[in-house]
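Structure assessment
Read off the chains here:
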Amino acid sequence: MISFNVPPVVGNEMKYIKEAIENKKICGDGVFTKKCSAWLEQKTGTAKALLTTSCTHATEMAAILADIQPGDEVIMPSYTFVSTADAFVLRGAKAVFVDIRPDTMNIDENLIEEAVTERTKAIVPVHYAGVACEMDTICGIAEKYHLSVIEDAAQGVLSTYKGRQLGTIGDYGCYSFHETKNYSMGEGGALLIKDPENIERAEIIREKGTNRSKFFRGQIDKYTWMDAGSSYLPSELNAAYLWAQLEVADTILDNRMRSWNMYFSSLKELEEKGYIQLPVIPKECTHNAHMFYIKTKDLEERQDLIAYLEAKGIKAVFHYIPLHSSPAGRKYGTFYGEDRYTTKESERLLRLPMYYHLEKKDIEFVVEQVKRFYLG
Ligand SMILES: *Cc1c(COP(=O)(O)O)cnc(C)c1O
């Protein structure tokens, strides 16, 4: 069986976890947490990167930092993971779903402005498959209407838009280090903060509403309860795992990219013959080979292909069911405008196996089977 995903393991994970235990510091903000944060800051150029317990939690922190209040509206795509909406709905906000572009599956930047009302507080672009949304347009609208931009860059670590790292373009960027993502710590994430003025409050929110981070740095004598907060700081054990991965981030990226390019070039023939569609990478974007998907003719054909591949021992999977069609989506959100592409395109999309160290012969086998399905 060729799995859809295998969590990345690069070799030094156990060594670093052991080191964390020997350091007698397994709670958060030890050596490994600091190494990971510094790496993220250096690599992306953000003012601050705070490790978090998940991308969901990083987004919750961003919602608190952006002062999202009950009754506020937050614009986002419906074609996304539940966390994108959850983080804002938890603060009492309403999710306003806008249609996607069929080429990148990202929010259609040209439909956002019409969806802005007096209650709109933020825009949440989701960089699907690690391919950037049209950020210049989105940030332009945000500036015009004084909205926050919170990037759901869960899949976008080390992807760029016009040379800028995803997650550093909006006010806040949210990364995921879940085991299904390019770089992992089991469960975890990071919050990227653009404006240095917001760093202190973010540290307080992450540390149960206390200024303990300042205390640990020796900047104050004792720490106290400063603000409403929660517990969003991951343990050193998780950070140690992540550090092993970040150390060889380029190796992981190159390996995934090789797989992605191999799929792309060998499936090109099927696209040229009109059977399937391949991912589109706009010229201003570089991507991180997070995902390889194809688009079939329709839902029925996709389900047939999933079953066909399953029978050959290949796990290929569909992705999001649009949030506006779910029970919570109907309760907490509304779709603004016409659903031209969200449902239709989501039904056509099929993800092929993609992970670090996916073997060349496995990719060849997957490609061969997909071709056989179409060409006989
Ligand atoms: C994975 C993912 C998340 C959630 O990440 P967690 O770290 O599991 O909380 C959120 N948004 C998108 C687009 C994702 O792909």
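Provided above is the structure to which this section pertains.
Residues numbered from 1 in each chain as written. Predicted model: local features only at pLDDT ≥ 70, side-chain atom pairs only at ≥ 80, totals over all residues. Heavy atoms only, no water.

1. Here's the deal with the packing of helix H3 (residues 55–65) against helix H4 (residues 82–89)
- Between H3 and H4, whose axes approach to 8 Å, the crossing angle comes to 35°. The interaxial crossing formed by H3 with H4 has right-handed handedness. Side by side, H3 and H4 meet where Thr-56, Thr-59, Glu-60 and Ala-63 of the first sit next to Ser-83, Ala-87 and Phe-88 of the second.
- Tallied by class, residues from the contact of H3 with H4 come to 3 nonpolar, 3 polar and 1 charged. (Axes fitted to C-alpha atoms, helices over the stretch in contact; angles between N-to-C directions. Helix = DSSP H or I, 4+ residues; strand = E, 2+ residues; numbered from the N terminus. Left-handed = near helix turned anticlockwise from the far one by under 90°. Contact = heavy atoms within 4.5 Å. Nonpolar A, V, L, I, M, F, W, Y, C, P; charged D, E, K, R; others polar.)

2. Digging into the site of the ligand
- Near the ligand you find 14 residues, and of these Thr-56, Asp-152, Gln-155, Ser-176 and Lys-181 are the closest.
- A distance of 2.7 Å is found between an oxygen atom of the ligand and a side-chain nitrogen or oxygen belonging to Ser-176.
- In the environment of the ligand, an oxygen atom lies 3.4 Å from a nitrogen or oxygen atom belonging to the side chain of Tyr-320.
- Against a free-state accessible area of 380 Å², the protein chains account for coverage of 92% of the ligand.
- Under a 2 Å grid-point criterion requiring more than half of the atoms, the pocket assigned to the ligand is the largest pocket. (Near = heavy atom within 4 Å. Polar contact = N/O pair within 3.5 Å; in protein donor to acceptor, adjacent residues only side chain to side chain. Areas by Shrake-Rupley, 256 points an atom, 1.4 Å probe, with all protein chains shown as cover. 1 Å grid on protein atoms, 1.4 Å probe; cavity = no way out; pocket = protein on both sides within 12 Å on 5 of 7 lines; lining within 4 Å. Sits in = over half its atoms within 2 Å of the grid points.)

3. Observations concerning the pairing of strand E8 (residues 172–176)
- Burial within E8 is extensive, with 5 of its 5 residues counted as buried.
- Residues Tyr-172, Cys-174 and Ser-176 of E8 are buried on one face, and the alternating residues Gly-173 and Tyr-175, pointing to the opposite face, are buried as well.
- Taken together, the 3 bridges between strand E5 (residues 148–152) and E8 define a ladder with parallel strand orientation. Opposite Ile-150, over in E8, you have Tyr-172 as the bridge partner.
- For E8 and strand E9 (residues 189–193), the ladder comprises 5 bridges, and the chain directions are antiparallel. Within the sheet, the bridge partner assigned to Cys-174 lies in E9 and is Leu-191. (Buried < 20%, exposed > 50% of the residue type's maximum accessible area, 1.4 Å probe, protein only. Pairing = 2+ DSSP bridges.)

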